[in-house]
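Structural overview for review
Here is how the chains run, residue by residue.
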Amino acid sequence: MDFGGRYRIAAPRLAVWSALNDAEVLKACIPGCKRIQWVSDTALEVEIAINLGIMRPVFTGDLTLSDVEPATRYSLSGKGRVGL
């Protein structure tokens, strides 16, 4: 799955940066996100429900921030975890 794009937001840069580093804001931006929690300065743990018709399995995974330029940009990538 790949999310991307460029958006202009009519707000001060530091307010936008703060929002993009707020777990609740990120949760609202990620479809199906049930839980998101910071585990370090550049890593988050997530639970995401995937809609498969009559089934909605919940997967856990990790999100990592990279190419961080404070108040300018970062890349957010993720990977799922397999559990038994």
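Before reading further, recall that the structure is shown in the block above.
Residues numbered from 1 in each chain as written. Predicted model: local features only at pLDDT ≥ 70, side-chain atom pairs only at ≥ 80, totals over all residues. Heavy atoms only, no water.

The sheet built from four strands is open, its strands ordered β1-β2-β3-β4 with antiparallel pairing. The sheet is open, and its two edges are formed by β1 (33–40) and β4 (73–80), each paired on a single side. Strand after strand, the sheet turns through a mean of 25° between neighbouring axes, direction not considered. Of the pairings in the sheet, the one linking strand β2 (residues 43–49) to strand β3 (residues 58–69) comprises seven bridges and is antiparallel in character. For E47, the partnering residue across the bridge sits in β3 and is T60. (Pairing = 2+ DSSP bridges. Helix = DSSP H or I, 4+ residues; strand = E, 2+ residues; numbered from the N terminus. Axes fitted to C-alpha atoms, helices over the stretch in contact; angles between N-to-C directions.)

A few words on the state of the cysteines. The final tally for this structure, using the stated rule, is zero disulfides. Cysteine C29 is unpaired, with the sulfur of C33 as its nearest cysteine sulfur at 9.8 Å. (Disulfide = S-S within 2.5 Å.)

For the rest of this paragraph, the subject is the nonpolar core. L26, I30, I36, L44, V46, L63 and Y74 are the most contacted members of the largest nonpolar core, which totals 13 residues. Taken together, the elements giving at least two residues each to this core come down to α2 (23–29), β1, β2 and β3. Per element, the largest residue contribution to this core is three residues, and it comes from β2. Leave out the neighbours within four places in its chain, and L44 touches L26, I36, Q37, W38, V39, G61, D62, L63, L65 and L76. (Core = buried A, V, L, I, M, F, W, Y, C linked by side-chain atoms within 4.5 Å. Buried < 20%, exposed > 50% of the residue type's maximum accessible area, 1.4 Å probe, protein only. Contact = heavy atoms within 4.5 Å.)

This part takes up a nonpolar patch on the surface. Taken together, the side chains of L52, I54 and M55 present a nonpolar region at the surface, about 380 Å² in accessible area. Within the secondary structure, M55 sits in the loop between β2 and β3. (Patch = residues over 30% accessible without salt bridge, like charges linked within 9 Å, V, L, I, M, F, W, Y side chains within 5 Å. Areas by Shrake-Rupley, 256 points an atom, 1.4 Å probe, with all protein chains shown as cover. Salt bridge = Lys/Arg side-chain N within 4 Å of Asp/Glu carboxyl O.)

Quick look at unusual backbone geometry now. You will see that D67, though not glycine, has its phi angle at about 50°, which is positive. At A71, a residue that is not glycine, the phi angle is positive and equals roughly 60°. You can see A71 is positioned in the loop between β3 and β4. On the basis of relative accessibility, which here comes to 16%, the residue A71 falls in the buried class.

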